[in-house]
Amino acid sequence: MGDGADEVDDLVAAWRRERPDVDTSPMEVLSRVDRLARHVDRARAAAFSRHDLEGWEFDVLAVLRRSGEPYRASAGALVRATGVTSGTMTNRVDRLVSRGLVRRGSDPDDRRSVLVELTPEGRTAVDGALVDLLEAERELLAALDEPGRRTLAAALRGLLASYAAPASAG
């Protein structure tokens, strides 16, 4: 690899040599995104593990924590926020209840509905994991200055927006 070059430059160069008839430019971005995602996954897992959490546990606890006091939400809201099925969420809430990280309670406005609430133990776990996660993410981005981070965030926001579900009319 030459000055400033990385493994993706090498693989793109090899494909261009072997298949000059195809446009390999998407690899220059997405192969790097893929490699970065692996680093992010490892950093997330390590941050969560230090607080005895799995990624999915953090995700559910984080939805509750971000909701503000009293840190509760309906199962439906948790399903929408995490993108899993209601059956999966029921299983996840059961597991979090058994660990003492959340509790179920009745909705004071609708006794037929159940609310999931963060326990003090759950709040401690999610708050600690968040601090460790953000430190790990800062380290992953350390090679970029602030303008570079803002530029990358804007570019990724634009790319992700192209995959957002269109708002329903009406």
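Keep in mind that this is a model prediction, so the values were computed, not measured. (Residues numbered from 1 in each chain as written. Predicted model: local features only at pLDDT ≥ 70, side-chain atom pairs only at ≥ 80, totals over all residues. Heavy atoms only, no water.)

Draft legend 1. Representation of helix α3 (residues 55-66) in the model. Under the 1.5 Å per step criterion, the end-to-end length of α3 is 16 Å for twelve residues, consistent within 8% with the ideal 16 Å. Three or more residues of α3 are buried, namely Trp56, Glu57, Phe58, Val60, Leu61, Ala62, Val63 and Leu64. One or two positions beyond α3, positive phi appears at glycine 68, with a value near 80°. (Helix = DSSP H or I, 4+ residues; strand = E, 2+ residues; numbered from the N terminus. Expected span 1.5 Å × (residues − 1). Buried < 20%, exposed > 50% of the residue type's maximum accessible area, 1.4 Å probe, protein only.)

Draft legend 2. Just the side chain of threonine 24, in detail. On the secondary structure map, threonine 24 appears in the loop between α1 (7-18) and α2 (25-49). On the basis of relative accessibility, which here comes to 5%, the residue threonine 24 falls in the buried class. Only 3.0 Å separates the side chain of threonine 24 from the side chain of arginine 16, close enough to count as a polar contact. Residue contacts for threonine 24: discarding those within four places in its chain leaves Val12, Trp15 and Arg16. (Polar contact = N/O pair within 3.5 Å; in protein donor to acceptor, adjacent residues only side chain to side chain. Contact = heavy atoms within 4.5 Å.)

Draft legend 3. Broad picture of α1. Helix length check: α1, at twelve residues, gives a terminal C-alpha distance of 17 Å against a target of 16 Å (1.5 Å per residue), a fit within 8%. Of the residues flanking the start of α1, the one acting as N-cap is aspartate 6, its side-chain oxygen 3.0 Å from the backbone nitrogen of valine 8.

Draft legend 4. Fine view of the UniProt feature "domain: HTH marR-type" (unreviewed entry) in the protein. The UniProt feature table records "domain: HTH marR-type" (unreviewed entry) at residues 26-161. Taken end to end, residues 26-161 comprises 69% helix and 13% strand; its first and last C-alpha atoms sit 18 Å apart. (UniProt positions renumbered as here; feature names shortened; annotations may be inferred.)

Draft legend 5. Here's a closer look at the sheet that holds strand β3 (residues 110-118). In space, the three strands of this open sheet follow the order β1-β3-β2, with antiparallel pairing throughout. Single-partner strands in this sheet number two, and they are β1 (72-74) and β2 (102-107). Geometrically, the sheet is characterised by an average inter-axis angle of 35° between neighbouring strands, direction not taken into account. Examined bridge by bridge, β2 and β3 share six bridges and lie antiparallel to one another. Bridge pairing in β3 links serine 106 to valine 114. (Pairing = 2+ DSSP bridges. Axes fitted to C-alpha atoms, helices over the stretch in contact; angles between N-to-C directions.)

Draft legend 6. Examining unusual backbone geometry more closely. Backbone torsion omega between glutamate 69 and proline 70 reads 10°, so that peptide bond is classified as cis. Mapped onto the secondary structure, proline 70 falls in the loop between α3 and β1. With a phi angle near 55°, aspartate 52 is a residue other than glycine that sits in the positive phi range. Residue class for aspartate 52 comes out exposed when judged on its relative accessible area of 57%. Here the phi dihedral of tyrosine 71 falls at roughly 60°; this positive angle occurs in a residue that is not glycine. Among the secondary structure elements, tyrosine 71 is positioned in the loop between α3 and β1.

Draft legend 7. Expanded view of the packing of aromatic side chains. A full pass over the atoms with the stated rule returns one aromatic pair. A ring pair is formed by phenylalanine 48 and phenylalanine 58, whose centres lie 4.4 Å apart and whose planes are at 20°; its orientation type is stacked. Taken together, the positions of phenylalanine 48 in helix α2 and phenylalanine 58 in helix α3 put the pair ten residues apart, joining distant regions of the chain. The burial state of phenylalanine 48 is the same as that of phenylalanine 58; both residues are buried. (Phe/Tyr/Trp six-rings, centres within 6.5 Å; stacked < 30°, edge-to-face > 60°.)

Draft legend 8. Molecular detail of the packing of α3 against helix α4 (residues 75-82). Taken N-terminus to C-terminus, the directions of α3 and α4 make an angle of 115°; their axes are 10 Å apart at the nearest point. Relative to α4, α3 is oriented so that their crossing is right-handed. Contact residues: α3 offers Asp59, Val60, Val63 and Leu64, while α4 offers Leu78, Ala81 and Thr82. Residue composition of the contact of α3 with α4, grouped by class: five nonpolar, one polar and one charged. (Left-handed = near helix turned anticlockwise from the far one by under 90°. Nonpolar A, V, L, I, M, F, W, Y, C, P; charged D, E, K, R; others polar.)

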